[in-house]
Amino acid sequence: MRILFLCVANSARSQMAEGLARHMLGDGAVVASAGSNPTRLNPYAIEAMREKGIDITGHASKSVQDFKAEGFDYVVTLCAEEVCPFLPGSVQRLHWAIDDPASDDPGISPEEMRARFSRARDQIETRLKILMALQDLPEGPASQEFHASVRVNDLPASVRFYAWLLNTWPKDWTHRFATFIRPDLNLNFVLLVSDGKQLGGDTLYHLGIEVADRDAVVDAYERARTFGAQVEKPPRSTWRGTPLHELWLRDPDGTLIEIYARMTDADLAAMPADKEPVFLVPGTEPVTA
């Protein structure tokens, strides 16, 4: 990865970002920082980085005019209220608005100043971790519809709010849920009463992605395994409730993700008499005693 961090003075935020990126990305990365009005390395930035075991005392403020965009994969601006430097050229640009921890206000104590720098440092570190997590991302399933269900405490009030927000009435509703459909957004959105009941049936709380057909569900399963996603239920055809070909995943926080395809007439005609699910990948059937 080749990354350049920019702010105005190149004394605090961009210097901490440079130090963090060098530490996190390793020797193979190209990391630099610069400013539109470079000054000097802020001693509080040095102290904040030392808390992380990172030494930036060898850094110096540099001018953005010393760099060319073609030398980098990413140019990241870190300004919040200020006018950010601009480096002309073709490059992927990211903007991380971080409040400037430095201040000339004499009313700010050294302890508060250290806290300001530590906060900015940690915000930059988390953003860097996200950027790293997005590298070498394999292609995901080709979605046709996005489905989400959320729990609400006051169903009528929430229906009114989302009818306004989505600019449409719900397609249908009961005393326990309401379903909004926006075909132009490929959106299927469900509100559920937050009643404390176990997940399942119409108390389901999850996200969903519709794919083209049964083969696309199986393909999503293989992609999920390659990616390292947690498979909750392997791909199967199920006729109970809404007939679907489906795959269930869990995200890192435990939220259920349903990847599904609607059944064709031929699929529906093949429904077993007992309506038991049919698993689509050999060897993924649950083991019974």
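These lines cover the structure that appears in this document, whether it is placed above or below. (Residues numbered from 1 in each chain as written. Predicted model: local features only at pLDDT ≥ 70, side-chain atom pairs only at ≥ 80, totals over all residues. Heavy atoms only, no water.)

With that out of the way, let us pick up the packing of helix α2 (residues 43–50) against helix α3 (residues 110–133). Across the interface, α2 lies against α3 with an axial gap of 9 Å and an inter-helix angle of 65°. For the pair α2 and α3, the crossing hand works out as right-handed. Along the contact surface, α2 presents Y44, A45, E47, A48 and M49, while α3 presents P110, M113, R114, F117, S118 and R121. (Axes fitted to C-alpha atoms, helices over the stretch in contact; angles between N-to-C directions. Helix = DSSP H or I, 4+ residues; strand = E, 2+ residues; numbered from the N terminus. Left-handed = near helix turned anticlockwise from the far one by under 90°. Contact = heavy atoms within 4.5 Å.)

Another aspect to go through is the pattern of salt bridges. A full pass over the atoms with the stated rule returns 16 salt bridges. In this structure, E232 engages R250 in a salt bridge whose closest nitrogen and oxygen atoms are separated by 2.8 Å. Of this pair, E232 sits in strand β10 (residues 230–238) while R250 sits in strand β11 (residues 244–250), placing them 18 residues apart in sequence. If you follow the salt bridges from partner to partner, you end up with R13, E82 and D100 in one network. (Salt bridge = Lys/Arg side-chain N within 4 Å of Asp/Glu carboxyl O.)

With that settled, consider the pairing of β10. Pairing of β10 with β11 involves six bridges; the strand directions are antiparallel. Looking across to β11, one finds that R236 is bridged to E246. Of the strand pairs in this sheet, β10 and strand β13 (residues 278–279) are connected by two bridges, and their pairing is antiparallel. Counterpart to R236 in the pairing with β13 is F279. (Pairing = 2+ DSSP bridges.)

With that settled, consider α2. Since the α-helix advances by 3.6 residues per turn, residues separated by three or four positions end up pointing in the same direction. Residues A45, I46, A48 and M49 constitute the buried set of α2. Projected down its long axis, α2 shows its buried positions confined to an angular sector of 165°, all on one face. Contacts made by the buried residues of α2 are with α1 (13–25) and α3. In this structure N42 caps α2, since a side-chain oxygen of it lies 2.8 Å from the backbone nitrogen of Y44. (Buried < 20%, exposed > 50% of the residue type's maximum accessible area, 1.4 Å probe, protein only. Arc of directions from axis to C-beta. Polar contact = N/O pair within 3.5 Å; in protein donor to acceptor, adjacent residues only side chain to side chain.)

For the rest of this paragraph, the subject is the sheet that holds strand β4 (residues 92–95). Strand pairing within a sheet occurs via backbone hydrogen bonds; the two strands may be parallel or antiparallel. A sheet is described by the order of its strands in space; here four strands give the open sequence β2-β1-β3-β4, paired in parallel fashion. Looking at the sheet topology across the chains shown, the edges are occupied by β2 (30–35) and β4. The average undirected angle you get between the axes of adjacent strands in this sheet is 20°. Here strand β1 (residues 2–7) pairs with strand β3 (residues 74–77) via four bridges, running parallel. By the bridge assignment, L4 is partnered in β3 with V75.

Turning our eyes to something else, we now look at the packing of aromatic side chains. Within the structure shown, the criterion is met by eight aromatic pairs. Between F161 and W164, the ring centres sit 5.6 Å apart and the planes meet at 50°, which makes this aromatic pair tilted. On the criterion of helical spacing, the pair formed by F161 and W164 is a turn pair, its members being three residues apart in helix α4 (residues 155–166). Look at F161 and you get partly exposed, because its relative accessible area is 42%. Owing to a relative accessible area of 61%, W164 belongs among the exposed residues under this scheme. Ring centres of Y162 and F189 lie 4.9 Å apart, and the angle between their planes is 50°; on these two criteria the pair is classed as tilted. Note that Y162 is positioned in helix α4 and F189 in strand β8 (residues 187–193), a separation of 27 residues in sequence. Members of the aromatic cluster, each reached through a chain of ring pairs, are F161, Y162, W164, F180 and F189. (Phe/Tyr/Trp six-rings, centres within 6.5 Å; stacked < 30°, edge-to-face > 60°.)

Once that is clear, we can look at unusual backbone geometry. A positive phi is found at D136, a non-glycine position, where the angle reads about 55°. With a relative accessible area of 78%, D136 lands in the exposed category. At N167, a residue that is not glycine, the phi angle is positive and equals roughly 60°. Tracing the backbone through its elements, the reader meets N167 in the loop between α4 and β6 (172–173). For N167, a relative accessible area of 68% puts it in the exposed group.

Looking now at the nonpolar core. In this structure, I3, F5, V76, W96 and L128 are the most contacted members of the largest nonpolar core, which totals 29 residues. When residues of this core are traced back to their parent elements, those giving at least two are β1, α1, α2, β3 and α3. Not counting the four nearest positions on each side in its chain, F5 is found in contact with S14, A17, E18, A21, V31, A32, S33, A34, V76, L78, W96 and L128. The next biggest cluster of nonpolar side chains, apart from the first, holds 12 residues, and it includes A216, V217, A224 and V281. (Core = buried A, V, L, I, M, F, W, Y, C linked by side-chain atoms within 4.5 Å.)

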